[in-house]
Amino acid sequence: MFHLLDAALEHLSFNSACDRLFCVGDLIDRGPFSSNVLEYLPRIHSVLGNHEDMLLSLYDYNIETHISECDLKNNTSGQGKSWWMDIDTTTRIQILLAFQSLPLVIEIDTPEGPVGIIHGSVPLKMTWSDFKSKIISLDPWVRDCALWSRSRIRSNDSSGVEGVFRIFSGHTIVENHATILGNVYFIDTGAFCYKTPEYQFEGGHLTIANILASTKKFKKDFCHTELGFSLRY
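Quick notes on the rules
- Residues numbered from 1 in each chain as written.
- Predicted model: local features only at pLDDT ≥ 70, side-chain atom pairs only at ≥ 80, totals over all residues.
- Heavy atoms only, no water.
- Phe/Tyr/Trp six-rings, centres within 6.5 Å; stacked < 30°, edge-to-face > 60°.
- Helix = DSSP H or I, 4+ residues; strand = E, 2+ residues; numbered from the N terminus.
- Buried < 20%, exposed > 50% of the residue type's maximum accessible area, 1.4 Å probe, protein only.
- Salt bridge = Lys/Arg side-chain N within 4 Å of Asp/Glu carboxyl O.
- Polar contact = N/O pair within 3.5 Å; in protein donor to acceptor, adjacent residues only side chain to side chain.

Novice: Can you walk me through the packing of aromatic side chains in this structure?
Specialist: For any pair of aromatic rings, geometry is given as the distance between the ring centres together with the angle between the planes. Taken as a whole and judged by the stated rule, the model has 5 aromatic pairs. With centroids separated by 6.3 Å and ring planes inclined at 70°, the aromatic side chains of Tyr59 and Trp84 adopt a geometry described as edge-to-face. Taken as a pair, Tyr59 in the loop between helix H3 (50-58) and helix H4 (69-75) and Trp84 in the loop between H4 and helix H5 (89-100) lie far apart in primary sequence, 25 residues in all. Here Tyr59 matches Trp84 in class, with each residue buried. Among the aromatic side chains, those forming a connected cluster through ring pairs are Tyr59, Trp83 and Trp84.

As structure tokens, this is what we get:
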């Protein structure tokens, strides 16, 4: 849904000379413009999402792995990945290389303390320091949590994560507005239509947040516009 991102950044008078845009992953498979991802990657700071990881896993994390077009078609028929078959081999390699460089975690130093960006979730009861250490040591379970976990939001656990000012997370769609649990902010408000036999979501809006806005403003200030996105100031 990069067209919504363009509209949002224009509305916010985003200036790349002094502003930075961090993303919580899933830059692909969730809208009609996935093939444009290379145009946006140099302009943003994003963590790896499970959808980028799934694409890399098709190639066993090795871009030199050969996969027949027939096998690729079979493996990209679901999860919104059919766009992969519409791009040439050179572009595929460029996208895979770019995804290989995406981190699982981004930490931003701020006057209020570190702010974390992840896609999934920090395991419950785990400190931010321990989480980072286990990510660095390639702990497979913690890596899986960083990409796939929904345990915190599904259990409505508001205990937060010790050792970090805030964490911004995606992966789980929260309808209508961002959800705050302790110091963890879930900001994927579903800017696309997503339908499965188990889940029907007609589409929400793109959410952009100021990582240092007051918690009161996060809970109060929503600006729904005809462009289909929310703004937090």
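Novice: When you look at the pattern of salt bridges in this model, what are you seeing that I'm missing?
Specialist: A side chain of one charge can pair with a side chain of the opposite charge if their charged atoms are brought near each other. For the coordinates displayed, the defined rule picks out 7 salt bridges. Asp157 serves as the salt-bridge partner of Arg152, at 3.9 Å between the closest nitrogen and oxygen. Where salt bridges share partners, they join Asp6, Glu39 and Arg43 into one cluster.

Novice: Honestly, the side chain of Thr189 in this entry has me stumped. Any pointers?
Specialist: Secondary-structure assignment places Thr189 in the loop between strand E7 (184-186) and strand E8 (194-195). When its relative accessible area of 2% is taken as the criterion, Thr189 is described as buried. A distance of 2.7 Å separates the side chain of Thr189 from the side chain of Thr207, its partner in a polar contact.

Novice: When you look at unusual backbone geometry in this model, what are you seeing that I'm missing?
Specialist: What you tend to see is this: most non-glycine residues have negative phi, and most peptide bonds are trans. With phi around 55°, Asp26 is a residue other than glycine that occupies positive phi space. Looking at the element boundaries, Asp26 is found in the loop between strand E1 (22-23) and helix H2 (37-40). Residues other than glycine seldom take positive phi values, yet Asp29 does so here, at roughly 70°. Positionally, Asp29 belongs in the loop between E1 and H2.

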